[in-house]
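This is what each chain is made of:
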Amino acid sequence: MALLEIAGLSLRFGGVTALQNVSFSVEAGALSAIIGPNGAGKTSLLNCISGVYRPQQGKIVFDGRDVTPLRPAARTRLGIARTFQNIALFKGMTVLDNLLIGRHCHQKTGVLGGGLYYGLGEREEIRDRARIEEIIDFLEIQPIRKQVVHTLAYGLQKRVELARALALEPRLLLLDEPMAGMNAEEKEDMARFVLDLSEERGTTIVMIEHDMGVVMDLSHRVVVLNFGQKIADGTPEEVQGSREVQLAYLGGEAAA
Amino acid sequence: MTVALAGADTFPKLLARNAERLGAQAALREKDFGIWRETSWRVYHQRVRHFSLGLVALGLSRGGKVAIVGDNRPEWVIAELAAQSAGGASVGIYQDSNLTEVGFVIDHSDARFVVAEDQEQVDKILGMIEQLPKVTHVIYSDPRGLRRYHHEKLLSFDEVERRGRELANEKPRLYEENVAQGSGGDLAMICYTSGTTGQPKGAMLSFSNLLTMALNLHQVDPRKPGDEFVSFLPLAWIGEQMMSVATALAIGFTVNFPEEPETALHDIREIGPHVLFAPPRIWEGLNSTVQVKIMDTTRIKRFLYERLMPVGHKVADLRLKHGRVPFFWRALYFVADLLLYRPLKDRLGLLRLRSGTTGGAALGPDVFRFFHAMGVRLKQIYGQTEISGISCIHPDDAIKFHTVGKPIPQTEVRISERGEILSRSPSVFIGYYKNDAATRDALSGGWLHSGDAGYLEDDGQLVVIDRLKDVLSLADGTQFSPQYIENRLKFSPFVKEAVVIGKDRPYLTGLVCIDSAVVGKWAEKQKISYTTYTDLSAKGQVYDLLQKEIDKVNETLPAAARIRKFVLLYKELDADDEELTRTRKVRRAFVEERYRAIISALYGDQERIAIDTTIKFQDGKTARIQANLSVRRLEAGGA
């Protein structure tokens, strides 16, 4: 059964149409990629799924439930987590604190309970720290656990952002250009983590990525957007063979 | 201070004794998932017992070898002691070795069991399992990524322990009987030494070799039960074996394993070890970290650092040279300690450090002084794998930065006629595994031949010069090591490169390249104006500065092997000009050929040398250089 279903999504900013009647679905456990030239609407689509943008038309169904009217925080509680194209971490805080914030939606203690600490607060702190340590181990970021985020190299910040998304224990993980701006080695590491996430942990992943090598190697399925419209949707091989995709990427008159 | 081992003459017997004596105290500690997890002596003993019986159940017999490869983890030492408990021996393999090296060691040592930490190591072994017919079992301890591996020879650490528990239920006395059969003369481990030429050689060490070494070292550099030690150097290396296994068992201190190799320095701070043994690069790293951080810190901290550091230097010099510190300086040091050194040592994790040692290579005197200034009494040690790791250490009351100290008890050191360092002690190894010819060479005449050149100073302290084969001689037969002198010159921040010349010549001379960044900054402060590297290196004041540096080095050298004349080269030695290798080693023959004119001037009466040459830039362009080099004469050796 499809974990995520998108039907007839349209998004407009005044006169600009960012997305036009986009539909596709993501099977549970699949690794899907969204590609397309600059301005094709990839990030807008991701923003619609995570709830940052409210589409004018269409429906987003997550795990059999219509989430279109829900606010981002509510969607997070259902298990949708994301990373951002431009890193959105708390720069002045340590890696550990950033990750603990990722656990916030799983904590039930209020201000009072947390302030008193003992009891539920303590149990939750210990449980959440244990979960985070597993993620730290998984992403191999032990050496930077207590470092302040802004002192870290860009590639590591990206990894921390992924770690924070994982701290939510998401059922659907949205990655917005996880490998942008990385060097070859960092990319290789990130690709390995994404693959491990998908294969070992069975996390459903939707990823926007520009590196075609990564996209074609990793993903089970590729959705291609151009000027807000879906122009192709299928396995990496099918998409590579599509004439429309070639035209969109290589230019030329899109004459039918 | 001596420690009686009470008849416990092997590692497994010591482990049993410690399990009884120290019981619930921490023997091992490993940081895992962010938390330090303890293994008590009792649990340590129990795990060794089960793993050992598991190996026996799988067919390990007395005299069998168990190869171990992986990062420093409790499982590493458990596997080692388990092999020894069953009457076998351990063979450590460096975790970053390539396939050929791993394959050679496993095959040459006749190991039937390989304990490999994780997927990375298992991949290495299984990738060449066809070429390793003697191996019957490959045991892994970290299952990550291995879930889908199915190989008939592959099994997990837990599984071996489970089989051991079964055997323990069947034959409850078997483990104790196995341990009781062992004796001090038995082979404990084979340490493969990384040969710079040819295949590595496996040095066989017995329990008594290792334990006499541990106790003799303990007499001059005591440790206590309950001390903390951080194990972060490869366990395949004798230096780490001597601390984490031999000394830890004999004395009963706690061995801490870092989370990952990259977190070692941070973990050291968390543990605050009493005992730390590290190669020079770690000490140098700590030193430069402090200097970099001081530049970025608040003005008041920097002010304190700059004002109070000289106090420490002064006190360290007084203590090292005279053994006594006048009251005035002691009082001043008390203040400096409170305001600067204690917080600084706390930051580095060195606050509780009682025994800090460096070994493996030479450490610059400035780094030595830095640590002594803040009250860390860093000592140099020296030894070979073949003498269980250590033969010399700085005595507490006479730490001289250019020596490696005096022989430890029961150890004799002398210099052969060829200038080679020879040593003799109960810790000298049994021989090389399956290599009698090499054993005979190493032990000829009853002395261990180190292959190192050195000399003894009047007070009995040993100075190591270089590998014997790299030592050259002057025309009159005086031996000298260019590399030794060059390294000492390079300890000066002003010297970037140095080439010492003198083979078959009447005296030594040096070509020196200044470090343009450091000398440039110095020149700015002195208000000396300059344009290019060539211009800067020709300044009289720069010559004066470098002369002082060379004089300092000359003072530490025997009179005949001092530098008499030097020039400052008009350009830096460069790999693009083929003067250095890509790893920045001087290509001596090439340099001597290229600067023949300068060198002949150094051995003539010329005061100045006119230079007219072309140099090549990185992009292939060339430029002409014209310069007038002056030759500086030094008051060396009085001759």
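Residues numbered from 1 in each chain as written. Chains lettered and ligands numbered in written order. Predicted model: local features only at pLDDT ≥ 70, side-chain atom pairs only at ≥ 80, totals over all residues.

Once that is clear, we can look at the overall build of chain A. Each helix and strand in chain A was counted, giving ten helices and ten strands. Taken over the C-alpha trace, chain A has a radius of gyration of 19 Å; the compact-globule value for 256 residues is 18 Å, and the two agree within 12%. Overall, chain A is about 70 × 40 × 35 Å in size when its C-alpha atoms are taken along their principal axes. Taken across its 256 residues, chain A has 35% of its residues classed as buried. Of the contacts formed within chain A by residues at least 6 apart in sequence, a portion of 66% connects residues at least 24 apart. (Helix = DSSP H or I, 4+ residues; strand = E, 2+ residues; numbered from the N terminus. Rg over C-alpha atoms; globule rule 2.2 N^0.38 Å. Buried ≥ 20, exposed ≤ 12 C-beta atoms within 10 Å, placed from the backbone. Contact = placed C-beta atoms within 7 Å.)

The subject of this paragraph is unusual backbone geometry. In this model, A:Glu140 sits at a positive phi of 55°, which is unusual for a non-glycine residue. Counting through the fold element by element, A:Glu140 comes out in the loop between α5 (120-138) and α6 (154-167). One non-glycine residue, B:Ser388, lies in positive phi territory at about 60°. Structurally, B:Ser388 can be placed in the loop between β14 (378-382) and β15 (392-393).

This part is about the packing of helix α2 (residues 41-57) of chain B against helix α3 (residues 74-85) of chain B. All names here are of chain B. Contact pair α2 / α3: the axes reach a minimum separation of 8 Å and the direction vectors enclose 60°. Taken as axis vectors, α2 and α3 run oblique relative to one another. Considering the relative orientation of α2 and α3, their crossing is right-handed. Seen from α2, the contacting residues are Arg47, Val48, Phe51, Ser52 and Leu55; seen from α3, they are Ile78, Ala79, Leu81, Ala82, Ala83 and Ser85. Residues of the contact of α2 with α3, tallied by class, amount to eight nonpolar, two polar and one charged. (Axes fitted to C-alpha atoms, helices over the stretch in contact; angles between N-to-C directions. Parallel < 35°, antiparallel > 145°, perpendicular 65-115°, else oblique. Left-handed = near helix turned anticlockwise from the far one by under 90°. Nonpolar A, V, L, I, M, F, W, Y, C, P; charged D, E, K, R; others polar.)

Our focus in this paragraph is the nonpolar core. In summary, soluble globular proteins display a tendency toward joint burial of nonpolar side chains. Membership of the largest hydrophobic core comes to 173 residues, with the highest contact counts inside it found for B:Leu55, B:Val66, B:Ala67, B:Val91, B:Val114 and B:Val512. It is helix α9 (residues 238-252) of chain B that contributes the most residues to this core, nine residues altogether. Every residue in contact with B:Ala67, bar those within four places of it in the chain, is listed here: B:Val91, B:Ile93, B:Val105, B:Ile106, B:Ser109, B:Ala111, B:Phe113 and B:Val114. In this structure, A:Ala33, A:Ile144, A:Ala167 and A:Val223 belong to the second largest nonpolar core, which totals 56 residues. (Core = buried A, V, L, I, M, F, W, Y, C linked by C-beta atoms within 7 Å.)

All names here are of chain A. According to the domain assignment, chain A consists of domain 1 (1-79 + 171-256) and domain 2 (90-169). Distance between the C-alpha centres of domain 1 and domain 2: 27 Å. Contact residues are listed per partner, giving ten residues for domain 1 and eight residues for domain 2. Counting residues per element, the side of domain 1 that touches domain 2 draws most heavily on helix α7 (residues 184-200), at three residues. Within the side of domain 1 that touches domain 2, the residues separate by chemical class into five nonpolar, three polar and two charged. (Domains from an automatic or database assignment.)

The next subject is the domain arrangement of chain B. When its domains are assigned, chain B resolves into domain 1 (11-258), domain 2 (275-351 + 353-382), domain 3 (403-468) and domain 4 (471-633). Summarising the inter-unit geometry, the C-alpha centres of domain 2 of chain B and domain 4 of chain B are found 31 Å apart.

Residues and elements named next belong to chain A. The six strands lie next to each other as β6-β7-β8-β3-β9-β10, forming an open sheet whose pairing is mixed. Because the sheet does not close on itself, it has two edges, and the strands there are β6 (80-82) and β10 (229-234). Here the strands of the sheet are splayed against their neighbours by 20° on average, with no regard to which way each runs. As defined by bridge partners, β6 adjoins strand β7 (residues 172-176) across three bridges and the pair is classed as parallel. Bridge pairing in β7 links Ile80 to Leu172. Most of the contacts of helix α1 (residues 42-50) go to β7, to which it runs at about 150°, and overall it touches β3 (31-35), β6, β7, β8 (204-208) and β9 (221-226). (Pairing = 2+ DSSP bridges.)

A few words on the interface of chain A and chain B. Every contact between the two is made by eight residues of chain A and, on the other side, six residues of chain B. A per-class count over the side of chain A that touches chain B returns three nonpolar, one polar and four charged.

What follows deals with the pairing of strand β1 (residues 2-13) of chain A. Residue and element names in this part refer to chain A. Where β1 and strand β2 (residues 16-27) come together, eight bridges link them in antiparallel fashion. Bridge assignment links Leu4 to a residue of β2, and that residue is Val26. Connecting the antiparallel pair β1 and β2 is a turn made up of two residues, with Gly14 showing a positive phi of about 60°.

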